[in-house]
Amino acid sequence: MVADERRLKSAVNNLIRENKNRCLVISTHFLGGYLPTRQVKYCFVLRLHPEKLRKRLASRRWSPSKIRENVEAELIGVCQFEAVALLGRKRVHEVDTTGKSSTKVLREVSNLVDGKKQDLGNAGLVDWLETYDLKTWG
């Protein structure tokens, strides 16, 4: 699929206008020209150990090439890199979701947003490269 960034930008801007004084959460792996970066306060990049990701995608019967593409992207932190390039390191926070329930991940993110936890802007913290083994993941 190819995203129509013009239409996406218009839809996001409409959402922001309609929800002027409310917090919006946009869940995506696609960051691009559609995002009004000045209005983004936080960006949370959810990370998952590449081996766990490989197993999850295989259980969903993804093709080997698509699994490899996604595992490699997670391994080198493509989403984290793009988020930092777009928003700067201070607004990007990585959350390692490996072995955590969705409730625990939500609580962790909520604590960061509410100021109960002070380590916002930890982009680059998660590093899977030391665990890389092409024979295991390839």
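Because the structure is predicted, anything quoted here is derived from the model rather than measured.

Colleague: Describe the environment of I76, listing the residues and the values that go with them.
Modeller: Looking at the element boundaries, I76 is found in helix 3 (residues 64-76). Under the relative-accessibility criterion, I76 is labelled exposed at 58%.

Colleague: Which residues make up the pattern of salt bridges, and what are the values?
Modeller: Two side chains that carry opposite charge are able to pair once their charged atoms sit near each other. Under the definition given, this model contains six salt bridges. Close ionic contact of K66 with E69 constitutes a salt bridge, the shortest N to O distance being 3.4 Å. With a gap of three residues between them, K66 and E69 both fall in helix 3, about one helical turn apart. Look at E69 and you get partly exposed, because its relative accessible area is 46%. Of the charged contacts in the structure, one is a salt bridge between R68 and E72, with a shortest N-O distance of 3.0 Å.

Colleague: Give a description of a positive patch on the surface that names residues and reports values.
Modeller: Taken together, the side chains of K52, K55, R56 and R60 present a region of like positive charge at the surface. Note on placement: R56 falls in helix 2 (residues 50-59).

Colleague: Give a detailed account of the nonpolar core, specifying residues and quantitative values.
Modeller: With 11 residues, the main nonpolar core is built from V12, Y34, L35, V40, C43, V45, A83, V84, L87, V92 and A123. Top contributing element to this core by residue count: helix 4 (residues 78-87), with three residues. When residues no more than four places from it in sequence are discounted, the contact partners of L35 are I26, V40 and L86. Listed in part, the five residues of the second largest apolar core include L48, L53, L57 and V71.

Colleague: If you had to explain the pairing of strand 1 (residues 43-47) to someone new, which residues and values would you point to?
Modeller: Every second residue of strand 1 is oriented toward a common face, the buried set being C43, V45 and R47 and the non-buried set F44 and L46. In this structure, strand 1 lies alongside strand 2 (residues 92-96), joined through five bridges in parallel fashion. Note on strand 2: the bridge partner recorded for V45 is E94.

Definitions and limits used
Residues numbered from 1 in each chain as written. Predicted model: local features only at pLDDT ≥ 70, side-chain atom pairs only at ≥ 80, totals over all residues. Heavy atoms only, no water. Helix = DSSP H or I, 4+ residues; strand = E, 2+ residues; numbered from the N terminus. Buried < 20%, exposed > 50% of the residue type's maximum accessible area, 1.4 Å probe, protein only. Salt bridge = Lys/Arg side-chain N within 4 Å of Asp/Glu carboxyl O. Patch = residues over 30% accessible without salt bridge, like charges linked within 9 Å, V, L, I, M, F, W, Y side chains within 5 Å. Areas by Shrake-Rupley, 256 points an atom, 1.4 Å probe, with all protein chains shown as cover. Lys, Arg positive; Asp, Glu negative; His and termini not counted. Charge placed at Lys NZ, Arg CZ, Asp CG, Glu CD. Core = buried A, V, L, I, M, F, W, Y, C linked by side-chain atoms within 4.5 Å. Contact = heavy atoms within 4.5 Å. Pairing = 2+ DSSP bridges.

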